[in-house]
Structure formats: C-alpha cells, structure tokens
Protein chains: 2
Amino acid sequence: MGKAYLVGAGPGAPDLLTVRAAQILTRADMVFHDALVHPQTLALAARARKILVGKRSGRHSTAQSFINKRLVDAARKHGVVVRLKGGDPMLFGRAQEEIDALRKAGIDFEIVPGVTAATAASAELGVSLTRRGLARHVAFVTPRAGRGERRNDWAASVLAADTAVIYMGAGLAEGISAELVARGKAKATPLVLVESATLPERRILRGTLADLPTLALQAGGGPAVLLLGEVLRDAIADRAAVAIPEIQAYLRRA
Amino acid sequence: MGKAYLVGAGPGAPDLLTVRAAQILTRADMVFHDALVHPQTLALAARARKILVGKRSGRHSTAQSFINKRLVDAARKHGVVVRLKGGDPMLFGRAQEEIDALRKAGIDFEIVPGVTAATAASAELGVSLTRRGLARHVAFVTPRAGRGERRNDWAASVLAADTAVIYMGAGLAEGISAELVARGKAKATPLVLVESATLPERRILRGTLADLPTLALQAGGGPAVLLLGEVLRDAIADRAAVAIPEIQAYLRRA
C-alpha cells in the first residue's frame, strides 16, 4: 500500500511552494494535478506520471467522484501518490471528498498546507488583510455553489467582516456587486481585483464595490480574488490613473 | 540602500516555509524575528545578525514603533534585511505598520506570503475548512484588540460564517464561549483547539463550544487556533475517548 498526499501548490509562482511539498513531489510516483499548477512545480515530480484532473471554468473537467476513485486506486498500486491543488487544499479545494474516500478505503494520507491566494494577493498589493484599529476579522467566501447545495449566504459573511476576500467571483461580478449593495454595503467600499497573483501576467484592478462589474470586464481568464474593505483605501487612491484605459476597454467590448 | 523583506515563516514546522522565503533567508544580512520562529528556520540565515523582536503573551516584547524604526535603519545600512513573522505576515501580523514605515522612508520592500495557522491546523486534523454542501465561507478572527481600538465585533463575523478560525483566543476561552452562546451560537457547535500546529509538541483538543473553557485549561502555552463549525462534526466524534484524562487534568489544576 502506498500513501496519498494532498498538497497545496500555492498561489501561482513555483517558488511559493513549501519546502515539504517540493520534497514530496521529488519522490512522487504519480501526480494528479489541477489545471493551473505551474509547469515548473510539476517538473519537480521528475519521475512521476502526471495526470491533469483539475477543473477550470468553461472547460472540460474530471468528475469529483472519478478523481476520488483514481486517487484510491493509485495509492493502492503506487508508493507515493500526490494530489496537487492550487493554493491551499483546505480552502475551496473539495479536499474533504478526497479525504473521505481515502479514509473509507483505509489508505494512509497526509495533507500539506499551502499559501492561499488571499494572502498572496495581499502581499502583492502591500496591504495587510488585518490592520490594527481598522480590521480585525477577515471573511474568505465564494458565491459559487454546486447544484442542489444548501443556502450559501456568502453575502452575510462579507457584510459581517472588516475585510473580505471573494474567491472565484470575477465571473459573477454583477451579481456580487448588486447583492452586497442591496444589503447595505457602501458602493464606495474599496475593492481590488487581483488576477493571477504572483505570476508575471498578474493584473491588479482597483476601484470600489460599485465599479466591480467594470473591473471584471477588464480581467482576463486567470484565477482571481476580490479583496474588499477599508484596509484597501490607500491602495485604490491611484485608480483615477487607470480609469481611461478601463473605459476604453469597456467600450471596445460592449 | 538595501531592501526589506517581510517574510511569513509559516505555521511552525521549518519545512513548511516557502522556497522563496528560504532563499531570501540564505542571503539575509540581518533578520528581525518573532519569538516563535523555529531555530532551524533561523539557521537558514547563516550569515545574518539575528534580532528577536517578537511578542509573546505575558513576556517582554519590543514596542511596534521601535521595530518599525529599527527595520528602516537596518535597510538603510544593510543589503538584505528580513522581518520574519510566524504564519503569514498579512493576517494578524501588524505588517501594515511596518509597510507604512518602509514606504514613508522610501525603502524598497517585498512581502513573501506564508502558510497561516488556520490551514495548517485544518491539514493536521484532516478536516477541510470549506466543504461542498456544508461550508462555503470561513471567518478568520481574533477577539484581541489593542488599547483604544475601535469596536471589534469578531463575534458577528463568527456568527455569519459557516466555519470560523479564532486566532490568539485560547487565553480568552471563557469570554469567547459566553459571548457566542449569548448571541445564539449553539453550545453543541463542534470545536477543536489546535496548539502548536505542525510541531512535534502539538496538541489537539476536541469538544464543543460549551467545552471551550475546559479545553483551554488543558492547553499549554503554545500558539493556538480554535476551529469552530459543523465541518468538525466527525473530528470531535472521538472526544469521549479523551474525556477522562481531560477531566483528571482539570481536577489537578482546579
């Protein structure tokens, strides 16, 4: 019997992998990886068979139950099997379904945490998510839910928190902005969209909650987080400088 | 002029440092570090002068304004100056005060994100903080506030979130439990206290929100996070097995 590792690949840049994750990858016999894991990270698993199973908006993806089954089967046959996920496995990674399948099958497993997109984006902006005297709690939410999922009141969590980070929200910009404003969040709340954090192609789009739909039109198709809250007040101060190209791009697309 | 790096040392274990952080440490001329950074992590900065500036409950600590000043002075004199913080610098790390001081002084700086205690504790438990159909939003809060700080309604954030992680809360267990129960959180909400996550001396104490004061008595003085929410239901199922030693320890201390 082998062992399965659920490993966080970090936010994007290959050197934001942990040392432990890098060491496990070099020993891996088989790696099941998400679509957005960096090629240099995968290259660490030099002798492993690599299988893409990740989901990505609008593209073909492997069903979760099939991933669970393949992971269990592989761990039965191989020594070191890695399930490599973007960011941290325990935040929006559907890790629990894989953990439950491994437990049920009696397979030894270990989870290796990673740097999540929220703090990577915060680092790139130079804006701490918490700030003495201003922000002492942070919500990590996603407005996305699976079919038939129970009520997901992500907005309540955003409204209660000093700072909010919204994962997988760029494609739902209109709805997010409308919902939060309808429930009393100020339109002028500072908001920054960070796409492809820590990668050379990253984009940082600055504005307010009211600007979110326009900012989202500016974004490309990379993974993005939305950061929202008063801690970002200074970070959006230069948005006037980017307003004209934003409007031009909007007009081109409209 | 040198450059300052605000670096996350990760949750405890030295191999949960990022590759980037490790590389910067090996080049460091000077390292200002928190009290709880692992000696093996510090040892990577082989040629650096190392200065302890971190805070720890109940011990002498360096005033933040003095840390800011020393960081700026050092970056003016040295090549590579590192401010090494436990976990991720942008969550509960008072990074903004240091960033503002560096910006004001015109010093080049970079922030290197790290693995935060919440996801490390979650990895150790094998319980994802989010779970399809059950938990789609997570609050990271601390009930601690500085003198004269504005209203910090950490409890509102905990109440709104599916899963909550409370940082620096073990010493305030009575108040946390009382406040949340008074505001309608079920006493039976599953709760796990994880102390010294990822280190050999870690302790995992399982119970419910009502048990929190008793669990906290069991904890040692290490850094701890409290995880709270329905995702932990299975993880507390074996608490009966630990109830007797817990009660014995409680009686010994009472």
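**What to know about unusual backbone geometry**
Residues and elements named next belong to chain B. Positive phi outside glycine occurs at F92, with the angle close to 60 degrees. Residue classification places F92 among the buried positions, given a relative accessible area of 13%. Although it is not a glycine, M168 adopts a positive phi angle of roughly 55 degrees. Position of M168 relative to the elements: it lies in the loop between β7 (163-167) and α7 (173-182).

**Concerning the domain arrangement of chain A**
Many authors give the size of an interface as the accessible area that is lost as the parts come together. Residue and element names in this part refer to chain A. Partitioning chain A into structural domains gives domain 1 (3-112) and domain 2 (117-253). The partner domain 2 presents 13 residues to the 9 residues of domain 1 that form the contact. Carbon and sulfur atoms supply 75% of the area buried between domain 1 and domain 2, which totals about 770 Å² over both sides. Of all residues in domain 1, P11, L91 and F92 give up the largest surface area on contact with domain 2, accounting jointly for 57% of the area buried on that side. At the boundary of domain 1 with domain 2, the tally comes to 1 residue pair in polar contact (both at pLDDT 80 or more).

**A short note on the relation of the copies chain A and chain B**
Of the transformation placing chain A onto chain B, the axial shift is 0.0 Å and the rotation is 180 degrees, giving an RMSD of 0.0 Å. The operation mapping one copy onto its partner corresponds to a two-fold rotation axis. Of all interface residues in chain A, 100% are interface residues in chain B too; the two copies therefore contact each other through one and the same surface.

**Here's the deal with the packing of helix α3 (residues 64-77) of chain A against helix α4 (residues 95-104) of chain A**
Residue and element names in this part refer to chain A. Between α3 and α4, the least distance of the axes is 9 Å, while the angle of their chain directions is 40 degrees. By the angle between their directions, the pair α3 and α4 is classed as oblique. α3 and α4 meet at a crossing whose hand is right-handed. Along its contact with α3, which presents Q64, I67, N68, L71 and V72, the element α4 presents E97, E98, A101 and L102. Tallied by class, residues from the contact of α3 with α4 come to 5 nonpolar, 2 polar and 2 charged.

**Quick look at the sheet that holds strand β1 (residues 3-8) of chain A**
Residue and element names in this part refer to chain A. Spatial ordering of the open sheet is given by β3-β2-β4-β1-β5, a layout of 5 strands whose pairing is parallel. The sheet terminates laterally at β3 (49-52) and β5 (108-112), the two strands that pair on one side only. Here the strands of the sheet are splayed against their neighbours by 15 degrees on average, with no regard to which way each runs. By the bridge criterion, 5 bridges tie β1 to β5 in an arrangement that is parallel. Note that in β5 the partner of K3 across the bridge is D108. Those strands touched by α3 are β1, β2 (30-33), β3 and β4 (80-85), and its axis lies near 155 degrees from that of β4.

**Comments concerning the interface of chain A and chain B**
Taken residue by residue, the interface counts 60 residues in chain A and 60 residues in chain B. Between chain A and chain B, a total of about 5000 Å² is buried, with carbon and sulfur atoms accounting for 54% of that surface. For chain A, the biggest contributors to the area lost against chain B are M90(A), R132(A) and R136(A); these three give 14% of the whole. At the junction of chain A and chain B, the tally comes to 4 salt bridges.

**Remarks on the pattern of salt bridges**
Residues and elements named next belong to chain B. Within this structure, the stated rule accounts for 28 salt bridges over all chains. Among the salt bridges present, the one from R183 reaches D153, with a minimum N-O distance of 3.0 Å. Pair noted here: R183 is in the loop between α7 and β8 (190-195) and D153 is in the loop between β6 (137-141) and α6 (154-160), with a separation of 30 residues, a long-range link. Judged by relative accessible area, R183 falls into the partly exposed class, the value being 37%.

**Comments concerning helix α1 (residues 19-27) of chain B**
The periodicity of an α-helix, 3.6 residues per turn, causes residues three or four positions apart to be oriented the same way. For α1(B), the full list of buried residues reads R20(B), A21(B), A22(B), I24(B) and L25(B). Along its buried surface, α1(B) packs onto β1 (3-8), β2 (30-33), α2 (39-43), β4 (80-85) and β5 (108-112) of chain B.

**Notes on the side chain of R136(B)**
Tracing the chain through its elements places R136(B) in the loop between α5 (117-125) and β6. A relative accessible area of 9% means that R136(B) is categorised as buried. Within polar-contact distance, the side chain of R136(B) engages the backbone oxygen of R144(A) at 3.1 Å.

**Let's talk about the environment of F66(B)**
All names here are of chain B. Following the sequence through the fold, F66 ends up in helix α3 (residues 64-77). Look at F66 and you get partly exposed, because its relative accessible area is 44%. Along the chain, F66 and G229 lie 163 residues apart, while their C-alpha atoms are 39 Å from each other.

Quick notes on the rules
- Residues numbered from 1 in each chain as written.
- Chains lettered and ligands numbered in written order.
- Predicted model: local features only at pLDDT ≥ 70, side-chain atom pairs only at ≥ 80, totals over all residues.
- Heavy atoms only, no water.
- Buried < 20%, exposed > 50% of the residue type's maximum accessible area, 1.4 Å probe, protein only.
- Helix = DSSP H or I, 4+ residues; strand = E, 2+ residues; numbered from the N terminus.
- Domains from an automatic or database assignment.
- Contact = heavy atoms within 4.5 Å.
- Buried area = accessible area lost by both parts, 1.4 Å probe.
- Polar contact = N/O pair within 3.5 Å; in protein donor to acceptor, adjacent residues only side chain to side chain.
- Least-squares fit on C-alpha atoms with pLDDT ≥ 70 in both.
- Axes fitted to C-alpha atoms, helices over the stretch in contact; angles between N-to-C directions.
- Parallel < 35°, antiparallel > 145°, perpendicular 65-115°, else oblique.
- Left-handed = near helix turned anticlockwise from the far one by under 90°.
- Nonpolar A, V, L, I, M, F, W, Y, C, P; charged D, E, K, R; others polar.
- Pairing = 2+ DSSP bridges.
- Salt bridge = Lys/Arg side-chain N within 4 Å of Asp/Glu carboxyl O.

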